Amino acid sequence: MSSAGFGRAELDAMLVGLRPKLHRYAARMAGSSIEGEDIVQETVVKALAAYDGGARVERLEQWLFRIAHNAAQDHLRRRQRERSRITETDMTTIEDLSASAEARLAAAASLRTFMQLTPAQRSAVVLIDVLGLSLSETCEVTGATLAATKAALHRGRAELKALAARTDQVAMPKLDREEERRLRRYIDLFNARDFDGVRTLVAEDVQVDVLNRARLNGKKEASTYFGNYDRLGDWALSLGFVDGQPAILIRNPQAHDAVRGFMLIDWRGDEVVRIRDFRHVPYSVVEADICFLAD
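Quick look at the structure, then. Along each chain, residues carry numbers from 1 onward, in the same order as the chain's sequence is written. Owing to the predicted nature of the model, reporting of local features is limited to residues with pLDDT of at least 70; listing and counting of side-chain atom pairs is limited to 80 or more, with chain, interface and lining totals taken over all residues. Side-chain metrics in this entry use all non-hydrogen atoms of the structure; hydrogen atoms and water are not considered.

Side note on the overall build of the protein chain
No. 1: A tally of regular secondary structure across the protein chain gives twelve helices and seven strands.
No. 2: Taking all 295 residues of the protein chain together, 49% fall into the buried category.
No. 3: In this description, contact between two residues means that some pair of their heavy atoms is separated by no more than 4.5 Å. Long-range pairs, those at least 24 residues apart, make up 68% of the contacts in the protein chain with a sequence separation of at least 6.
No. 4: The Shrake-Rupley method, run with a 1.4 Å probe sphere, supplies the accessible areas, and residue values consider only the shown protein chains as cover. For the protein chain, the exposed surface amounts to about 14700 Å²; the carbon and sulfur share of it is 48%. Labels follow the DSSP assignment, with helices taken as runs of H or I lasting at least four residues and strands as runs of E lasting at least two, numbered in each case from the N terminus. Buried, partly exposed and exposed residues are distinguished by accessible area as a fraction of the type maximum, computed with a 1.4 Å probe on protein chains only: under 20%, between the cut-offs, and over 50%, respectively.

Here it is as C-alpha cells:
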C-alpha cells in the first residue's frame, strides 16, 4: 500500500466504477462525448502515475474528480478556447438552491448547450446539479473558493434556463462527398463480413484503439480486432454523426437497432490509418449527440 492510504486494487475498482461518472463530467466540460473519453483516459493515466509516485490522498473519489477536472482544464487550454474569467464578488449570501428542477434542467441539457457556459460555470453546474456533489466537495475538486463556486453556480443555472427557453434549430452537419464514399465502402464491406476486403483498406501502420480494452499497432495486430467482430453477431454498422463528427454507428439488431457504440476512422488517402472503437464504453453513447445519415 502506498502513502495514498489505499491499495492498488481499491484504486482500480474505483476507476472502473467511477468511469461513467467521470465521463459525464468530462464530456460536458469539453462539449463532446468523444473528447470526454480522451479526458477520462488521461485521468486514468495520471491517477495511476500519481499512485505509483506515492501520492497522499484522503478521499479517493474527490481526488479522482480533481484529476479529471485538471485534465479537462488542460484539454480546454490545448484547444485554445478563450476562457472567460468570473470576477469574484462576495456572494456568500446566495443560498444553495440545488432543487430537483435545477438538477433535471442540467441533466437534460445537451453537450452543445454546456459549451455556451464558461468553464467555471460548467464545472459548478455539472458537479452540483448533474453529479450531486455538495458545495464543499465541488470547491475541493475545482480548487475554487466558496464565493466563486456559488457565483459560478448561480450564473450557470441562470444561463441554462435562458438557453432552454430558446427554440433555435441546430443545422444538420454535412459530410464531404469523398469522406462519405470512403466510409460507405468501409461500412458495406464490414456489414458483408468481407473482412479480407476491409483489410485491403487498412494501412500497414494502422493504429486501432478499442476504448477501455486494447490498443493495437500495425495491420497484423489489427487482424485480431476484425476477427473479434467476425465472431460476433450482435452488430450492424450505419453512417452517421457523433457530436458533429462523421462516424460509423454500431447498431444492435437484437435490441431494435439501438446504437450501442460508434467508430471513428482517420484516413490517409484511401487507406485507414486509425480506428477508434467506442463499443466498450457505452456511457459515451448516452452523452453523445448522435444522428443517422440517410442512405
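Read on for the rest.
Points about the nonpolar core
No. 1: To define a nonpolar core, start from buried Ala, Val, Leu, Ile, Met, Phe, Trp, Tyr and Cys residues and group those joined through side-chain atoms within 4.5 Å. Core analysis: the biggest nonpolar cluster contains 40 residues, and Leu11, Trp63, Leu64, Phe65 and Leu131 have the highest contact counts within it.
No. 2: Contributing elements (two or more residues each) for this core: α1 (8-30), α2 (33-52), α3 (60-78), α6 (119-130), α7 (135-142) and α8 (146-164).
No. 3: Per-element accounting of this core gives the leading share, nine residues, to α3.
No. 4: Other than its neighbours up to four places away in sequence, Leu11 contacts Phe6, Ala47, Leu48, Tyr51, Leu60, Trp63 and Leu64.

Re α6
No. 1: Counting buried residues in α6 gives eleven out of twelve residues, a clear majority hidden from the surface.
No. 2: For α6, every residue scored as buried is listed here: Pro119, Gln121, Arg122, Ser123, Ala124, Val125, Val126, Leu127, Ile128, Asp129 and Val130.
No. 3: Looking one or two places after α6, you find Gly132, whose phi comes out positive at around 80°.

So, the sheet that holds strand β1 (residues 202-210)
No. 1: Two strands form a pair only when DSSP identifies at least two bridges running between them. Ordered by their spatial adjacency, seven strands build an open sheet running β2-β1-β6-β5-β4-β3-β7, and the pairing between neighbours is mixed. The open sheet has two edge strands, β2 (214-217) and β7 (290-292), and neither has a second partner. The average undirected angle you get between the axes of adjacent strands in this sheet is 30°.
No. 2: With six bridges connecting them, strand β5 (residues 258-268) and strand β6 (residues 271-277) associate as antiparallel partners. The residue of β6 that forms the bridge with Leu264 is Arg276.
No. 3: Helix axes use the C-alpha atoms of the stretch in contact, all axes being lines fitted to C-alpha atoms, and the angles between their N-to-C directions lie in the range 0 to 180 degrees. Strand contacts of α2: β1, β2, β3 (236-242), β4 (245-252), β5 and β6, with the helix running at about 75° to β6, the strand carrying the most contacts.

Some thoughts on the pairing of β3
No. 1: Across the seven residues of β3, seven count as buried, placing the element largely inside the fold.
No. 2: Along β3, one buried face is formed by Ala236, Ser238, Gly240 and Val242 and the opposite face, lined by Leu237, Leu239 and Phe241, is buried too.
No. 3: Of the strand pairs in this sheet, β3 and β4 are connected by seven bridges, and their pairing is antiparallel. Within β4, the position partnered with Phe241 by the bridge is Pro246.

Brief notes about the packing of α3 against α6
No. 1: Orientation of α3 relative to α6, taken along the N-to-C sense of each, is 150°, at an axis distance of 12 Å. Between α3 and α6, the interaxial angle falls into the category roughly antiparallel. Crossing angle aside, the handedness with which α3 passes α6 is right-handed. Counted together, Phe65, His69, Gln73 and Leu76 of α3 and Pro119, Arg122, Ser123 and Leu127 of α6 form the full contact between these two elements.
No. 2: Of the residues in the contact of α3 with α6, the class split is four nonpolar, three polar and one charged. We call two directions roughly parallel when the angle between them is under 35 degrees, roughly antiparallel when it is over 145, roughly perpendicular when it lies between 65 and 115, and oblique otherwise. The hand of a helix crossing depends on one turn: near helix anticlockwise from the far one by less than a right angle means left-handed, and clockwise means right-handed. Note that Gly is not counted as nonpolar here; it falls among the polar residues with everything else outside the nonpolar set of Ala, Val, Leu, Ile, Met, Phe, Trp, Tyr, Cys and Pro and the charged set of Asp, Glu, Lys and Arg.

Observations regarding the side chain of His69
No. 1: Tracing the backbone through its elements, the reader meets His69 in helix α3.
No. 2: Residue classification places His69 among the buried positions, given a relative accessible area of 6%.
No. 3: Among all residues touching His69, those that are not within four sequence positions of it are Tyr25, Ser123, Val141 and Thr142.

Brief notes about α8
No. 1: In this scheme, a helix's expected span is set at 1.5 Å multiplied by one less than its residue total. The terminal C-alpha atoms of α8 lie 27 Å apart, and with 19 residues this matches the ideal 27 Å at 1.5 Å per residue to within 8%.
No. 2: Inspection of α8 places Ala147, Thr149, Lys150, Ala151, Ala152, Leu153, Gly156, Arg157, Leu160 and Leu163 among the buried residues, and these make up the whole buried set.

With respect to the environment of Leu183
No. 1: Position of Leu183 relative to the elements: it lies in helix α9 (residues 177-191).
No. 2: As for Leu183 and Ser238, which are separated by 55 residues in sequence, their C-alpha atoms are 9.5 Å apart.
No. 3: In this structure, Leu183 is in contact with Leu239, Pro246, Ile248, Ile265 and Trp267, ignoring residues within four places of it in sequence.

Brief notes about the packing of aromatic side chains
No. 1: Two rings from Phe, Tyr or Trp (for Trp, the six-membered ring) form a pair when their centres are within 6.5 Å of each other. A pair whose planes differ by under 30 degrees is stacked, one over 60 is edge-to-face, and the rest are tilted. Across all of its chains, the model carries twelve aromatic pairs by this definition.
No. 2: Between Phe195 and Phe226, the aromatic rings sit 6.3 Å apart at their centres with planes inclined by 35°, giving tilted as the arrangement. Of this pair, Phe195 sits in helix α10 (residues 195-200) while Phe226 is found in helix α11 (residues 218-231), placing the two residues 31 residues apart along the sequence. Side by side, Phe195 and Phe226 carry an identical accessibility label, which is buried.
No. 3: Judged by centre distance (5.4 Å) and plane angle (75°), the rings of Tyr225 and Tyr229 are edge-to-face. Note that Tyr225 and Tyr229 are positioned in helix α11 at a spacing of four residues, about one turn of the helix. The burial state of Tyr225 is the same as that of Tyr229; both residues are buried.
No. 4: The rings of Tyr186, Phe190, Phe195, Tyr225, Phe226, Tyr229 and Trp235 are connected pair by pair, giving a single aromatic cluster.

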